[in-house]
Amino acid sequence: MDNYMFDEKEFLQLVQEARDEWLQAQNYFENVSEPDLVDYAIYRAEAAKRRYMYLLKQARIYGLENHQVIQEIEG
């Protein structure tokens, strides 16, 4: 993001999508019933969480605030 201008609205949409992806991955993990898929579910949830946390960090660095989009989930 340092090398070019970015659209705040588009970035906040990206954060929202990352948050949704994380929640979906958590839901998948909680509902997976196939033992062979448990490792995949863990990997997917962790990757989605890290992406979301990274984007939140970037949003704070750039001073973006939209409390409807940028919200941390405790847990």
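Preceding this paragraph is the structure being described.
This report concerns the structure included in the present document. Throughout, a residue's number is its position along its own chain's written sequence, starting from 1. Side-chain atom pairs in this predicted model are given and counted only at pLDDT of 80 or more, local residue features only at pLDDT of at least 70, and totals for whole chains, interfaces and linings cover all residues. The basis for every side-chain value is the complete set of heavy atoms in the structure, and neither hydrogens nor water enter the calculation.

A helix here means a DSSP run of H or I that spans at least four residues, while a strand means a run of E at least two residues long, and both kinds are numbered starting from the N terminus. Summing up its helical and strand segments, the protein chain has two helices and zero strands in all. When contacts within the protein chain are restricted to residue pairs at least 6 apart in sequence, those whose partners lie at least 24 apart make up 61%. Carbon and sulfur atoms provide 48% of the accessible area of the protein chain, an area that totals close to 5800 Å². Between two residues, a contact is recorded if the distance between any of their heavy atoms is within 4.5 Å. Each accessible area value is a Shrake-Rupley result obtained with a 1.4 Å probe; residue values ignore everything except the protein chains displayed when judging cover.

In this section: the packing of aromatic side chains. The geometry of two aromatic rings is summed up by the distance between their centres and the angle between their planes. Two aromatic rings from Phe, Tyr or Trp, using only the six-membered ring of Trp, form a pair when their centres are within 6.5 Å; if the ring planes differ by under 30 degrees the pair is stacked, by over 60 it is edge-to-face, and anything between is tilted. Tallied over the entire structure, the rule returns two aromatic pairs. When the centroid spacing of 5.5 Å and the interplanar angle of 35° are considered together, the rings of Trp22 and Tyr52 count as tilted. You can see Trp22 sitting in helix α1 (residues 8-31) and its partner Tyr52 sitting in helix α2 (residues 38-61), a full 30 residues away along the chain. In terms of burial, Trp22 and Tyr52 fall into one category: buried. Between Tyr28 and Tyr40, the aromatic rings sit 5.9 Å apart at their centres with planes inclined by 80°, giving edge-to-face as the arrangement. Each residue is assigned to one of three classes by its accessible area relative to the maximum for its type, calculated with a 1.4 Å probe on protein chains only: buried under 20%, partly exposed between the two thresholds, exposed over 50%.

Each turn of an α-helix holds 3.6 residues, which means side chains three or four residues apart point in the same direction. Here, expected helix span is obtained from the residue count minus one, scaled by 1.5 Å. Between its first and last C-alpha atoms α2 spans 35 Å; for 24 residues at 1.5 Å apiece the expected length is 34 Å, and the two agree. Among all positions in α2, only Ala41, Ala45, Ala48, Tyr52, Leu55, Leu56, Gln58 and Ala59 are buried. Looking at the buried positions of α2, the neighbouring elements they touch are α1. Gly63, located one to two residues past α2, shows a positive phi value of around 75°.

Once that is clear, we can look at the nonpolar core. By nonpolar core we mean a set of buried residues, namely Ala, Val, Leu, Ile, Met, Phe, Trp, Tyr and Cys, connected to one another through side-chain atoms within 4.5 Å. Counting 13 residues, the largest nonpolar core has Phe11, Val15, Tyr52, Leu55 and Leu64 as its most contacted members. When residues of this core are traced back to their parent elements, those giving at least two are α1 and α2.

It is worth spelling out a nonpolar patch on the surface at this point. There is a patch of nonpolar side chains on the surface, built from Leu37, Tyr40 and Tyr43 and spanning about 340 Å² of accessible area. Within the secondary structure, Leu37 is located in the loop between α1 and α2. Look at Leu37 and you get partly exposed, because its relative accessible area is 33%. Patches draw on residues past 30% relative accessible area with no salt bridge. Two like charges within 9 Å are joined, as are two nonpolar side chains (Val, Leu, Ile, Met, Phe, Trp, Tyr) within 5 Å. We define a salt bridge as a side-chain nitrogen of Lys or Arg found within 4 Å of a carboxyl oxygen belonging to Asp or Glu.

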